[in-house]
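So you can see what is in the structure, the chains are spelled out below.
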Amino acid sequence: MGGRVGSVEVLAALLVLLIIFREPLAGLLSSPRLQTWTTVFVSVMVQAVPFLVFGVLLSAVIAVFVPRSFWARALPRHPALAVPVASAAGVVLPGCECGSVPIAGSLIRRGVTPAAALAFLLAAPAINPIVLAATAVAFPNNPEMVVGRAVASLIVAMIMGWLWLRLGRADWIRLPRRPELESGSRGLAFWAAVRHDVTHAGGFLVVGAMAAATINVLVPERWLQTLADNPVLSVLALAVLAVLLSICSEADAFVAASLSQFSLTSRLVFLVVGPMVDLKLISMQTGVFGRRFASRFAPTTFVVAVLVAVGAGAVLL
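Residues numbered from 1 in each chain as written. Predicted model: local features only at pLDDT ≥ 70, side-chain atom pairs only at ≥ 80, totals over all residues. Heavy atoms only, no water.

Participant: Now, about the overall build of the protein: what can you tell me, with residues and values included?
Facilitator: Across its full length, the protein holds 16 helices and zero strands. Considering only contacts in the protein between residues 6 or more positions apart, those separated by 24 or more positions represent 82%. For the protein, the exposed area adds up to about 15000 Å²; of that, 70% sits on carbon and sulfur atoms. (Helix = DSSP H or I, 4+ residues; strand = E, 2+ residues; numbered from the N terminus. Contact = heavy atoms within 4.5 Å. Areas by Shrake-Rupley, 256 points an atom, 1.4 Å probe, with all protein chains shown as cover.)

In structure tokens, the structure reads:
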């Protein structure tokens with residue numbers, strides 16, 4: 001067969017290994033710690049997957065069937081006014097941050113000022129209806145978390161847009177290209193976009209759910225409680241955790257809800273920072289816009305997001 005090993009062969013090998021080692025695996029799965037891990041992992045996935053799938057489908061519809069030139073016509077010509085309008089326009093993009101990076105590049109190519117496109121890039125994954133609905137489901141007893149997330153994310157997006165107007169340079173940006181959205185057939189482009197977003201966002205969701213379950217099982221409760229009891233450490237810990245976990249914005253609320261040891265303000269920081277600065281976004285921004293852009297934009301966004309989220313938490317939570 002050409003000597004190539006594909007997904008079918010890998011799956012068959014895994015099934016054979018499961019059959020061979022079924023007895024030791026059965027004993028391992030019966031341990032209380034692993035049962036707890038499985039429960040947390042499955043609960044995060046079951047709650048998050050419907051939002052992820054729905055968001056990916058709607059995002060692909062908008063990316064393929066809505067003309068990209070529409071955004072250039074809809075935004076004010078004055079850059080300073082275009083930034084808040086573009087930030088608020090993020091509410092109509094029901095997708096995760098994986099799709100916002102190439103879309104922002106398309107906006108720039110269509111003539112949108114980079115400041116407005118970057119504000120849209122930051123706001124869209126955090127204030128769109130799918131993400132806010134997922135946040136409401138994850139925090140049914142704390143509706144103020146939805147308001148706090150929307151307000152803080154919108155403010156961060158506008159601040160970063162205005163900072164780019166003041167300090168940004170055009171030569172820091174390398175315009176992207178997304179071939180699957182440029183297919184001659186809209187149907188093919190739609191399914192290519194769906195496959196792309198599901199592969200990227202779904203994979204990071206699984207990793208995030210596994211990390212959340214591992215934290216709940218392996219990290220001693222007293223360690224988490226020590227961090228949670230210190231207001232400064234709890235904020236910094238969850239801000240850094242949001243960067244490291246790189247969870248899709250349509251699913252991160254369920255992971256945040258599972259970190260019940262921490263205050264609502266700390267978890268709000270997690271929800272604001274994650275869709276704007278994480279490892280996969282930094283990687284995508286480096287590949288799409290260039291290293292010079294990412295090395296300046298990501299750290300600045302992190303600092304602004306933490307400060308704004310803490311302020312929003314102090315006022316609203």
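Having seen the structure, we can now continue with the description.
Participant: Now, about the pattern of salt bridges: what can you tell me, with residues and values included?
Facilitator: A complete count under the given rule lists one salt bridge for this structure. Linking R149 and D252 is a salt bridge whose minimum nitrogen-to-oxygen distance equals 2.9 Å. Here R149, found in helix α9 (residues 144–167), pairs with D252, found in helix α13 (residues 252–258); they are 103 residues apart in sequence, far enough to count as distant. Overall, R149 belongs to the buried group, its relative accessible area being 0%. (Salt bridge = Lys/Arg side-chain N within 4 Å of Asp/Glu carboxyl O. Buried < 20%, exposed > 50% of the residue type's maximum accessible area, 1.4 Å probe, protein only.)

Participant: Can you tell me about the packing of aromatic side chains, naming the residues and giving the values?
Facilitator: Overall, the coordinates contain four aromatic pairs when judged by the stated rule. Here the aromatic rings of W164 and W172 are separated by 5.8 Å at their centres, their planes lie at 70 degrees, and the arrangement is edge-to-face. The burial state of W164 is the same as that of W172; both residues are buried. With centroids separated by 5.0 Å and ring planes inclined at 75 degrees, the aromatic side chains of F190 and W191 adopt a geometry described as edge-to-face. An aromatic cluster is present here, built from W164, W172, F293 and F297 joined pairwise through their rings. Over the ring of W172 we find R296, and its NZ or CZ is 4.5 Å from the ring centre. (Phe/Tyr/Trp six-rings, centres within 6.5 Å; stacked < 30°, edge-to-face > 60°. Lys NZ or Arg CZ within 6 Å of the ring centre and 35° of its normal.)

Participant: Can you lay out the side chain of S87 for me, pointing to particular residues and giving the numbers?
Facilitator: Take S87: it is sitting in helix α5 (residues 79–89). Note on S87: relative accessible area 0%, which makes it buried. Those residues within four positions of S87 in sequence are excluded, and the remaining contacts are A119, A123, I127, L154, A157 and M158.

Participant: Account for the packing of helix α8 (residues 129–138) against α9, naming residues and giving values.
Facilitator: For any two helices packed against each other, the geometry comes down to the angle between their axes and how far apart the axes lie. Running from N to C, α8 and α9 cross one another at 150 degrees; their axes reach a closest spacing of 8 Å. Comparing the axis directions of α8 and α9 gives the class roughly antiparallel. Between α8 and α9 lies a crossing whose hand is right-handed. Where α8 approaches α9, its residues V131, L132, T135 and A136 are matched on the opposing element by M145, V146, R149 and A150. When the residues that make up the contact of α8 with α9 are grouped by side-chain class, the tally is six nonpolar, one polar and one charged. (Axes fitted to C-alpha atoms, helices over the stretch in contact; angles between N-to-C directions. Parallel < 35°, antiparallel > 145°, perpendicular 65-115°, else oblique. Left-handed = near helix turned anticlockwise from the far one by under 90°. Nonpolar A, V, L, I, M, F, W, Y, C, P; charged D, E, K, R; others polar.)

Geometric descriptors of this kind do not, in isolation, establish any biological role.
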